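Analysis of the macromolecular model
Next come the chains, spelled out residue by residue.
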Amino acid sequence: MFTLIRAVAGSHLYGLDHAGSDEDSMGIGIAEKNQKLGLDTIEQFGQDDEVIYELAKWTRLAVNGNPTVLQMLWTPPSMWKQWDDRWPEMQIRLRNIVLSERCRDAFLGYMKGQRIKLERDRGQRTELKEQFGYDTKFAAHMIRLGIQGIEVLTTGQMCLPMASGSRQLCRDIRQGRYTEPEVLEMANELEDKLKTVPSMLPPTVDRVKVNNFLVDTYTEWW
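What comes next is a walk through the structure. (Residues numbered from 1 in each chain as written. Predicted model: local features only at pLDDT ≥ 70, side-chain atom pairs only at ≥ 80, totals over all residues. Heavy atoms only, no water.)

This part is about the overall build of the protein. Of regular secondary structure, the protein possesses 11 helices and 5 strands. Against the 2.2 N^0.38 benchmark of 17 Å for 222 residues, the protein shows a C-alpha radius of gyration of 18 Å, consistent with a compact globule. The principal-axis extents of the C-alpha atoms in the protein amount to approximately 55 × 40 × 35 Å. For the protein, the residues scored as buried account for 48% of the 222 residues in total. A sequence separation of at least 24 residues applies to 72% of the contacts in the protein between residues at least 6 apart. Accessible area for the protein stands at about 11300 Å²; split by element, carbon and sulfur atoms hold 48% of it. (Helix = DSSP H or I, 4+ residues; strand = E, 2+ residues; numbered from the N terminus. Rg over C-alpha atoms; globule rule 2.2 N^0.38 Å. Buried < 20%, exposed > 50% of the residue type's maximum accessible area, 1.4 Å probe, protein only. Contact = heavy atoms within 4.5 Å. Areas by Shrake-Rupley, 256 points an atom, 1.4 Å probe, with all protein chains shown as cover.)

Here is the structure:
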């Protein structure tokens, strides 16, 4: 699989890294013809902290509003580790065809996932719970997702790294400067806004445009 783009991801991309933070990476690749059309198809290499998604899989996730993969649309060149010369133009084109109102439910869903982990003590980090009384990393992710979801819906963009005020708020939460009830109240407000804020995004993606993009890209590459 040919690597189209591989870039810094996660806390270093958001501007929320701290001493000891792992440097995550995410990428998009394009499968060779036999890897795409043969019996042994490839959808991704690696997982979690270091992953390269095959283009069609990444696009499907992006069309569904997946917050994790959407970061690739706005990752700045300073964070790119490896890329093909065609990526800059492709990044802009993808911004114009994969975003829709589905982002609203997707970001809300991911916020809910972090809330469940936080409130139901699922997978909480013992050291954070002992120090602060709750897992501040889950809490910071929950608030980040709310902020970024509203930003995407209202501007069609995601500021990376995060804007200074939002970045500082998430850092303060991560460092235990807010209580769990205070963070949950912030999350409630963000969720309410995320549910109702007017969106500049189209109701749905134009699937013809997305399909044409994929067909044209594979045809050109092969």
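Scanning all chains against the criterion turns up 3 aromatic pairs. Centre to centre, the rings of Y218 and W222 are 5.2 Å apart; their planes meet at 35°, and the pair counts as tilted. A relative accessible area of 36% means that W222 is categorised as partly exposed. The lysine or arginine in question, R86, covers the ring of W221, its NZ or CZ lying 3.8 Å from the ring centre. (Phe/Tyr/Trp six-rings, centres within 6.5 Å; stacked < 30°, edge-to-face > 60°. Lys NZ or Arg CZ within 6 Å of the ring centre and 35° of its normal.)

Grouped together as the largest cluster of nonpolar side chains are 66 residues, with contacts concentrated most on W58, L94, L99 and I143. Per-element accounting of this core gives the leading share, 10 residues, to helix 8 (residues 136–155). (Core = buried A, V, L, I, M, F, W, Y, C linked by side-chain atoms within 4.5 Å.)

Volume-wise, the largest pocket comes out at about 1100 Å³. What lines the largest pocket is a set of 38 residues, and nearest its centre among them are G10, D24, D49, K137 and H141. At the level of elements, helix 1 (11–14), strand 2 (24–30), strand 3 (44–47), strand 4 (50–54), helix 4 (67–70), helix 6 (102–119), helix 8 and helix 9 (164–174) are the ones that each hand at least two residues to the lining of the largest pocket. The element contributing the most residues to the lining of the largest pocket is helix 8, with 6 residues. Split into classes, the residues belonging to the lining of the largest pocket amount to 14 nonpolar, 14 polar and 10 charged. Lining the second largest pocket, in full, are R86, E89, M90, R93, F213, D216, T217, E220 and W221. Mapped by element, the contributors of at least two residues to the lining of the second largest pocket are helix 5 (87–98) and helix 11 (207–221). Here the lining of the second largest pocket takes 5 residues from helix 11, the largest share from any one element. (1 Å grid on protein atoms, 1.4 Å probe; cavity = no way out; pocket = protein on both sides within 12 Å on 5 of 7 lines; lining within 4 Å. Points joined across faces, edges and corners; volume = space filled by probe spheres on them. Nonpolar A, V, L, I, M, F, W, Y, C, P; charged D, E, K, R; others polar.)

Here we come to helix 11. Spanning 15 residues, helix 11 covers 21 Å between terminal C-alpha atoms, matching the ideal 21 Å at 1.5 Å per step. Along helix 11, the positions that sit buried rather than exposed are V210, F213, L214, T217, Y218 and W221. For helix 11, the arc enclosing every buried residue in end-on projection is 115°, short of the 170-degree limit, so these residues lie on one face. Away from its buried face, by an angle of more than 90 degrees, helix 11 presents the exposed residues V208, V215, T219 and E220. Against strand 1 (2–9), strand 2, helix 2 (33–37), strand 4, helix 3 (55–63) and helix 5 lie the buried residues of helix 11. In this structure D206 caps helix 11, since a side-chain oxygen of it lies 3.1 Å from the backbone nitrogen of V208. (Expected span 1.5 Å × (residues − 1). Arc of directions from axis to C-beta. Polar contact = N/O pair within 3.5 Å; in protein donor to acceptor, adjacent residues only side chain to side chain.)

Orientation of helix 6 relative to helix 10 (residues 180–196), taken along the N-to-C sense of each, is 165°, at an axis distance of 10 Å. Comparing their axes, helix 10 and helix 6 come out roughly antiparallel. Helix-helix and strand crossings are classified by hand; for helix 6 and helix 10 the assignment is left-handed. For the pair formed by helix 6 and helix 10, the contact residues are R104, F107, L108, M111, R115, L118 and E119 on the first element and E180, L184, A187, N188, L190, E191, L194, K195 and T196 on the second. Looking at the contact of helix 6 with helix 10 residue by residue, the classes come out as 8 nonpolar, 2 polar and 6 charged. (Axes fitted to C-alpha atoms, helices over the stretch in contact; angles between N-to-C directions. Parallel < 35°, antiparallel > 145°, perpendicular 65-115°, else oblique. Left-handed = near helix turned anticlockwise from the far one by under 90°.)

This part is about the side chain of D172. As for its position among the elements, D172 is in helix 9. Given the relative accessible area of 14%, D172 is considered buried. Of note is the side chain of D172, whose polar atom sits 2.8 Å from the side chain of R177. When residues no more than four places from it in sequence are discounted, the contact partners of D172 are R177 and Y178.

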